[in-house]
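Residue-level structure breakdown
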Amino acid sequence: MKTILISLVSDQTIPNILAIHYFNPDELLFISTMEMERKNKISAILMTLDRLGLKYQHDSVIVREDSILDCHKKLSKWIEGKEDSEFVVNLTGGTKIMSIAAYEFFKDYSSKMIYIPIPKNEFIVPFPKKRPAEPVKLDLRLSVIEYLTAYGLTVTNESHLSRYREEAIKRRELSAWIVENYDNLKNLLTILGGVLRDYRGKKQFALEFKFCGATREEKQLLSRLNFAYEEDTISKKIDKSEINYLTGGWLEEF
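I will try to describe carefully the structure that is included in this document. (Residues numbered from 1 in each chain as written. Predicted model: local features only at pLDDT ≥ 70, side-chain atom pairs only at ≥ 80, totals over all residues. Heavy atoms only, no water.)

Quick word on the pairing of strand β1 (residues 3–8)
Put simply, the test is: Any residue under 20% of the maximum accessible area for its type is buried, any over 50% is exposed, and the rest in between are partly exposed; the area is computed with a 1.4 Å probe on protein chains only. Per the convention used, a helix needs a DSSP run of H or I reaching at least four residues, while a strand needs a run of E reaching at least two, with both numbered from the N terminus. At least two bridges found by DSSP between two strands are what make those strands a pair. The handedness rule is simple: strands pointing away from the viewer, and a clockwise path from the first strand over the helix to the second, make the crossover right-handed.
Buried residues dominate β1, accounting for six of its six residues. With burial as the criterion, each face of β1 is covered, one bearing Thr-3, Leu-5 and Ser-7 and the other bearing Ile-4, Ile-6 and Leu-8. Where β1 and strand β4 (residues 86–90) come together, five bridges link them in parallel fashion. Across the sheet, residue Ile-4 finds its bridge partner in β4, namely Phe-87. The sheet contact formed by β1 and strand β2 (residues 27–32) spans five bridges and is parallel. Bridge assignment links Leu-5 to a residue of β2, and that residue is Leu-28. This β-α-β element, β1 to helix α1 (residues 14–23) to β2, shows right-handed connectivity.

Shown next as structure tokens:
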């Protein structure tokens, strides 16, 4: 007997993904609306599942979000030939009318009903109501890219993220030190940001400018960054990564 997981589609796509990952069904059915179709929500869910290495045969039923009768008519047509399947119904998404319609339709097929309380990483089985089961933990945690993909966003710089991460880890202690000592560094950081902002995107830049009266912390920062500081002149040939770091990247990495 094959298992079909029923997902009600809405703006909140994460509960659909969590349930599909947990149950790993044979097939998927998405109950969606014209508005969700315009927002490409099913595509976003499928793209995220693909990133997780999960591919499923899937179908969709487009219903009127405010009509139980329309939901039942569409589902009655879809279920022909599938009546012997095992159904898991995720009641989390959709509209309240869609949830009621899905429950009323699939309860006659001994279906398992689940609900994922946002933002918890667990699901409950609300029926039978007199014997509620303990919540079941969901182990999946989406990465940042998977989370953005689930909401229909595209990460355009994915090929660079590994390098950015390595740089942030390498400068982790320095970034924390800058935050802790910001009040004594802000003058230098403000000037560096102003000098370098026009050069963001450049591979290299020969930095040289006058800076008088550096604080002890500012001298420490220049030393830690291997800047030359002689006769009130700061100088160094810096690369793109350092330029980005000194024009606000330190806070982003922190």
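Some remarks on the packing of aromatic side chains
Working definition: an aromatic ring pair is given by the centre-to-centre distance plus the angle between the planes. The test is simple: Two rings belonging to Phe, Tyr or Trp (six-membered ring only in the last case) form a pair when the distance between their centres is within 6.5 Å. Interplanar angles under 30 degrees mark stacking, angles over 60 mark edge-to-face geometry, and anything in between is tilted.
Inspection of every chain in the model, using the stated rule, returns 12 aromatic pairs. For the pair Tyr-22 and Phe-123, a centre-to-centre distance of 5.1 Å together with 70° between the ring planes defines the contact as edge-to-face. Remark: Phe-123 occurs in strand β6 (residues 122–123) and Tyr-22 occurs in helix α1; sequence separation between them is 101 residues. Residue classification places Tyr-22 among the partly exposed positions, given a relative accessible area of 39%. Note on Phe-123: relative accessible area 1%, which makes it buried. Consider the rings of Tyr-147 and Tyr-151, whose centres lie 5.2 Å apart with planes at 50°: the pair is tilted. Under the relative-accessibility criterion, Tyr-147 is labelled partly exposed at 46%. The rings of Trp-78, Phe-87, Phe-105, Phe-106 and Tyr-109 are connected pair by pair, giving a single aromatic cluster.

Here we look at the sheet that holds strand β9 (residues 228–230)
Our working definition: The convention used is that axes are lines fitted to C-alpha atoms, helices contributing only their stretch in contact, and that angles between N-to-C directions extend from 0 to 180 degrees.
Across the sheet, three strands lie side by side as β8-β10-β9; this open sheet has antiparallel pairing. Taken across any chain shown, the strands that pair with only one partner, and hence form the sheet edges, are β8 (204–210) and β9. Each strand axis lies, on average, 10° off the axis of its neighbour in the sheet, ignoring direction. Across seven bridges, β8 lies against strand β10 (residues 233–239) in antiparallel orientation.

Thoughts on the environment of Pro-135
In this fold, Pro-135 is placed in the loop between β6 and β7 (136–137). The class for Pro-135 is partly exposed, based on a relative accessible area of 37%. With 12 residues separating them in the primary sequence, Pro-135 and Phe-123 have C-alpha atoms 5.6 Å apart.

Here's the deal with the packing of helix α8 (residues 172–180) against helix α10 (residues 216–224)
When two helices pack together, their arrangement is given by the angle between their axes and by how far apart the axes lie. Filter applied, for reference: By the definition adopted for this analysis, an angle is roughly parallel if under 35 degrees, roughly antiparallel if over 145, roughly perpendicular if from 65 to 115, and oblique otherwise. Left-handed describes a crossing whose near helix is turned anticlockwise from the far helix through less than a right angle; right-handed describes the clockwise counterpart. Working rule for contacts: check all heavy atoms of both residues, and any pair within 4.5 Å makes them a contact. Gly is put with the polar residues, along with every residue not named as nonpolar or charged; the nonpolar set is Ala, Val, Leu, Ile, Met, Phe, Trp, Tyr, Cys and Pro, and the charged set is Asp, Glu, Lys and Arg.
Running from N to C, α8 and α10 point in directions that differ by 165°, and their axes come no closer than 12 Å. With respect to each other, α8 and α10 are oriented roughly antiparallel. Helix-helix and strand crossings are classified by hand; for α8 and α10 the assignment is left-handed. Along its contact with α8, which presents Glu-173, Leu-174, Trp-177 and Ile-178, the element α10 presents Glu-217, Gln-220, Leu-221 and Arg-224. Classifying every residue of the contact of α8 with α10 by side-chain character gives four nonpolar, one polar and three charged.

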